[in-house]
Amino acid sequence: MSESAQSPEDEVREAVSLFLQRNFPQIQAHGGDSSITEVDLEEGHVEINLSGACSGCGVSPMTTQAIQRRLPSEIDAIDYVSVTTGFDGLSEGTSRDISDDVPF
């Protein structure tokens, strides 16, 4: 398949990748990474995973909100964005089990 014959999903993946590189260079600059884990054109949904230094970064909730707010306004095929990080699912009042042999 030639570059000019990309599938619509591939075109959206490329547009999302370029959006992230252009608007959020701090993700990689600070040791993080992003990956597009799902594109559902029928639902207008894209799922992005932030990993590396993003997992646990105090700024990642703001980055997540900015991506969720700005991406649909830049890419017509996207109506809804999910962004996950390594700490998703942990909320106030929850904790992770830490082994007793962790030296801190």
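Our subject in this report is the structure included herewith. (Residues numbered from 1 in each chain as written. Predicted model: local features only at pLDDT ≥ 70, side-chain atom pairs only at ≥ 80, totals over all residues. Heavy atoms only, no water.)

## Here we look at the overall build of the protein
Per the secondary structure count, the protein includes three helices and three strands. The burial tally for the protein puts 27% of its 104 residues in the buried class. Accessible area of the protein: about 7000 Å², with a carbon and sulfur share of 47%. (Helix = DSSP H or I, 4+ residues; strand = E, 2+ residues; numbered from the N terminus. Buried < 20%, exposed > 50% of the residue type's maximum accessible area, 1.4 Å probe, protein only. Areas by Shrake-Rupley, 256 points an atom, 1.4 Å probe, with all protein chains shown as cover.)

## What about the nonpolar core?
Judged by nonpolar contacts, the single largest core of 19 residues is most densely connected at Val16, Val46, Ile48, Ile67, Leu71 and Val81. At the level of elements, helix H1 (8-23), strand E1 (32-40), strand E2 (45-52), helix H3 (60-74) and strand E3 (80-84) are the ones that each hand at least two residues to this core. A total of four residues in this core trace back to one element, the largest contributor, which is H1. Beyond its immediate sequence surroundings of up to four residues, Val46 is in contact with Val16, Ile36, Glu38, Val39, Leu71, Ile78, Tyr80, Val81 and Ser82. (Core = buried A, V, L, I, M, F, W, Y, C linked by side-chain atoms within 4.5 Å. Contact = heavy atoms within 4.5 Å.)

Taken by themselves, the reported measurements are silent on function.
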